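# Coordinates in review
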Amino acid sequence: MSTKRLRVLVLICSTRPHALGPTVGSWLTETLAPTSRTLDVDLVPVALADLQLPFLDEEEHPSHGVYRHEHTQRWSKTVAAADGFIVVTPEYNHGMPATLKNALGYLSAEWAWKPVGFVSYGNTSAGTRAVQHAKQVTTTLRLVPLGSTVALRIADALRQDRFQPAAHLARAAVDMLEELARVTQALAPLRQYGQATPGPLPGSYAHRLRPEHEPQVTVLQRCCWVEEAIANNTLQIPALHETPGQVREWLTDWHTTGLWHSGRLLGMVRTIRHGSELHIGRLAVAPDLRGRGLG
Ligand SMILES: Cc1cc2nc3c(=O)[nH]c(=O)nc-3n(C[C@H](O)[C@H](O)[C@H](O)COP(=O)(O)O)c2cc1C
């Protein structure tokens, strides 16, 4: 598990003048505010109308990641920085709106292995056909749709012209955010695998460790330096009693590389440059994996 705050984009898909979409989006973010605080989730509303994305006008296939236009580069950065998505979508002619299809199709790797929840709205079907339609496309992009959904029938949610969905729909929204937070954490190894250097064991991968990896680093180093403590009959070994704050501090200052497999930290080594000297330390391999040449 990472201790990093999660950044979840709430994508408001309708772009029509006087659309209902922004009202649904505001209801959602207000409803989820207490839960998002508890779960350390930053909910970031993004109106597709504000992105100024024309119909896909990039020459290269998005999987190449070569974006010529400023609007694509901006959208790419926004999506890449997100950990997950909640799509607030109307149903148009039994499908998703073209704005959503277009915004999805602009990018590729930026979406991969991130969860997506759907809040749909419409008439009798409460927008559910738009969600089914969108799932076909999102799974191709390696987005992972949540089982929890929130489906709003407009006629039921509007009370004396105020948008006030029933309490069970607010609970469904909270359930969805909780599921999204769990799935985001569970998918972290797949996201990291795609961005990391392959490691020496099949399926292992290496990448720089950051302060949010402190829990795994603390566990690894305590496991690794126990034998040294026993052999030398001393506990005066910093790796055994550093506080989480101290570990986060050196993870900021040192360049530390971690070797991972399926979300487990198998080993690490840290380096720091002082003038012309490069210092290397804290070479650690999980005790059960010693003797395989990982170090
Ligand atoms: C082009 C268009 C197609 C629509 N098709 C459907 C539909 O298939 N099913 C449905 O339940 N409502 C449909 N509606 C009604 C919408 O659910 C309703 O207008 C809703 O407010 C649209 O969301 P928006 O205001 O955020 O754009 C359609 C509306 C429009 C404008």
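Quick look at the structure, then. (Residues numbered from 1 in each chain as written. Predicted model: local features only at pLDDT ≥ 70, side-chain atom pairs only at ≥ 80, totals over all residues. Heavy atoms only, no water.)

### Section: the sheet that holds strand β8 (residues 197-198)
- Taking strand neighbours across the sheet as the criterion, the five strands line up as β8-β9-β10-β11-β12 in an open arrangement whose pairing is antiparallel. Every interior strand has two partners, whereas the edge strands, β8 and β12 (277-285), have only one.
- The pairing of strand β11 (residues 264-274) with β12 spans seven bridges and is antiparallel. Counterpart to Arg273 in the pairing with β12 is Leu278.
- Across the face of the sheet, helix α7 (residues 167-195) comes into contact with β8 and β9 (204-208) while running at roughly 80 degrees to β9. (Pairing = 2+ DSSP bridges. Helix = DSSP H or I, 4+ residues; strand = E, 2+ residues; numbered from the N terminus. Contact = heavy atoms within 4.5 Å. Axes fitted to C-alpha atoms, helices over the stretch in contact; angles between N-to-C directions.)

### As for helix α8 (residues 214-232)
- Over its 19 residues, α8 runs 26 Å from end to end, which matches the ideal 27 Å to within 8%, given 1.5 Å per residue.
- Considering bend angle alone, the principal kink of α8 is centred on Trp225 and spans about 30 degrees.
- Inspection of α8 places Glu214, Gln216, Val217, Thr218, Leu220, Gln221, Cys224, Trp225 and Ala229 among the buried residues, and these make up the whole buried set.
- Contacts made by the buried residues of α8 are with α9 (238-241), α10 (244-253), β10 (255-261), β11 and β12.
- Backbone geometry just after α8 places Asn233 at a positive phi near 50 degrees. (Expected span 1.5 Å × (residues − 1). Bend = angle between axes of the 7 residues up to and from the residue. Buried < 20%, exposed > 50% of the residue type's maximum accessible area, 1.4 Å probe, protein only.)

### With respect to the environment of Thr139
- Positionally, Thr139 belongs in helix α5 (residues 128-140).
- Given a relative accessible area of 41%, Thr139 falls into the partly exposed group.
- Engagement of the side chain of Thr139 in a polar contact is seen with the backbone oxygen of Gln136, the distance being 3.3 Å. (Polar contact = N/O pair within 3.5 Å; in protein donor to acceptor, adjacent residues only side chain to side chain.)

### Quick look at the sheet that holds strand β4 (residues 115-122)
- The sheet built from five strands is open, its strands ordered β2-β1-β3-β4-β5 with parallel pairing. Edge positions in the sheet fall to β2 (41-47) and β5 (144-153), since each has one partner strand and no second. The mean angle between the axes of side-by-side strands here comes to 20 degrees, regardless of whether they run parallel or antiparallel.
- When β4 meets β5, the two strands line up parallel, connected through seven bridges. The residue of β5 that forms the bridge with Phe118 is Thr149.
- This element, helix α1 (residues 21-38), spans β1 (6-12), β2, β3 (84-90), β4 and β5 of the sheet and lies at about 145 degrees to β3.
- Sheet contacts for α5: β3, β4 and β5; angle to β4, the most-contacted strand, approximately 155 degrees.

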